[in-house]
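These are the residues of each chain, in order.
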Amino acid sequence: GSILADRLGEVLFIGLLRRWAFQAAPRKGVLACLRDARLSRALRRMHDNPGADLDLSELATVAGMSRTAFAVRFREVLGIPPNAYLTEWRLLVARNLLTDTDLTLEEIVERVGYDSPSGFSRAFKRRYGISPGMHRRNVQAAS
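Residues numbered from 1 in each chain as written. Predicted model: local features only at pLDDT ≥ 70, side-chain atom pairs only at ≥ 80, totals over all residues. Heavy atoms only, no water.

Caption draft 1: Spatial organisation of the overall build of the protein. Helix and strand content of the protein: 9 helices and 0 strands. When the helices and strands of the protein are listed from N to C terminus, the series reads α-α-α-α-α-α-α-α-α. Counting across all 143 residues of the protein, residues that qualify as buried make up 30%. The long-range share in the protein, meaning contacts at least 24 apart out of those at least 6 apart in sequence, stands at 47%. For the protein, the centre of its 22 positive side-chain charges and the centre of its 15 negative side-chain charges are spaced 9 Å apart. (Helix = DSSP H or I, 4+ residues; strand = E, 2+ residues; numbered from the N terminus. Buried < 20%, exposed > 50% of the residue type's maximum accessible area, 1.4 Å probe, protein only. Contact = heavy atoms within 4.5 Å. Lys, Arg positive; Asp, Glu negative; His and termini not counted. Charge placed at Lys NZ, Arg CZ, Asp CG, Glu CD.)

Set out below in structure tokens:
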């Protein structure tokens, strides 16, 4: 019963969010990007496989736009360039993997598309202010 109630709550929330997004027609942010058919294809590609070797050319192709038009439109709608968004997404996915799984750092690095654990650790620390290992230890200590 409680599982069904949880799922029903999720479905209701998603439905309300979608209705709001399409009625309010946001012009900026992720919801606005999802409303744009071309940008949403590129965003989906980033979200579906954050570890993929994605560059501006491939994302523009997925969106059916030129590189310049895609980069300009993406920045216009999301407020940051595509590569910055992809980096932010990868770090968020990695943070969730550190929090919710027992995957090794090397496995996480591979899943989120970094070339080396040291490069990933520097980016993670720059973004979150602590190392990936410290983040995991903090989460474990809190639970």
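Caption draft 2: Local environment of a nonpolar patch on the surface. Judged by side-chain polarity, Phe13, Ile14 and Leu17 come together as a nonpolar surface patch covering roughly 290 Å² of accessible area. By relative accessible area, leucine 17 is classed as partly exposed at 34%. (Patch = residues over 30% accessible without salt bridge, like charges linked within 9 Å, V, L, I, M, F, W, Y side chains within 5 Å. Areas by Shrake-Rupley, 256 points an atom, 1.4 Å probe, with all protein chains shown as cover. Salt bridge = Lys/Arg side-chain N within 4 Å of Asp/Glu carboxyl O.)

Caption draft 3: Structural detail: the environment of arginine 137. Looking at the element boundaries, arginine 137 is found in helix α9 (residues 132–142). The class for arginine 137 is partly exposed, based on a relative accessible area of 48%. In sequence terms arginine 137 and leucine 92 are 45 residues apart; their C-alpha atoms lie 17 Å from each other.

Caption draft 4: Molecular detail of the packing of aromatic side chains. The tally for this structure, following the rule as stated, stands at 5 aromatic pairs. Look at phenylalanine 74 and tyrosine 85: their rings are 5.9 Å apart centre to centre, the planes differ by 70°, and that puts the pair in the edge-to-face class. Of this pair, phenylalanine 74 sits in helix α5 (residues 67–78) while tyrosine 85 sits in helix α6 (residues 82–100), and the two are 11 residues apart along the sequence. Taking relative accessible area as the criterion, phenylalanine 74 reaches 0% and is therefore assigned buried. (Phe/Tyr/Trp six-rings, centres within 6.5 Å; stacked < 30°, edge-to-face > 60°.)

Caption draft 5: Inspection of the side chain of histidine 135 at higher detail. Assignment of secondary structure puts histidine 135 in helix α9. Note on histidine 135: relative accessible area 8%, which makes it buried.

Caption draft 6: Spatial organisation of helix α4 (residues 56–63). Burial in α4 covers these residues: Leu59, Ala60, Val62 and Ala63. Taken end-on, α4 shows its buried residues confined to a sector of 160°, consistent with a single buried face. Where α4 is buried, its residues touch α3 (37–48), α5 and α6. Directly after α4, the chain includes glycine 64, whose backbone phi takes a positive value near 75°. (Arc of directions from axis to C-beta.)

Caption draft 7: Quick look at the nonpolar core. Among the nonpolar cores identified, the biggest contains 17 residues, and Cys33, Met46, Phe70 and Phe74 are the most heavily contacted of them. With residues up to four places along the chain from it excluded, the contact list for phenylalanine 70 reads Leu39, Ala42, Leu56, Leu59, Ala60, Ala63, Met65 and Pro82. Within the second largest apolar cluster, 14 residues are counted, among which are Leu97, Phe120, Phe124 and Tyr128. (Core = buried A, V, L, I, M, F, W, Y, C linked by side-chain atoms within 4.5 Å.)

Caption draft 8: Representation of the packing of α3 against α5 in the model. Closest axis-to-axis distance for the α3/α5 pair is 11 Å, and the angle between their directions is 85°. As far as their axial angle goes, α5 and α3 are roughly perpendicular. Counted together, Leu39, Ala42, Leu43 and Met46 of α3 and Phe70, Arg73, Phe74 and Val77 of α5 form the full contact between these two elements. Classifying every residue of the contact of α3 with α5 gives 7 nonpolar, no polar and 1 charged. (Axes fitted to C-alpha atoms, helices over the stretch in contact; angles between N-to-C directions. Parallel < 35°, antiparallel > 145°, perpendicular 65-115°, else oblique. Nonpolar A, V, L, I, M, F, W, Y, C, P; charged D, E, K, R; others polar.)

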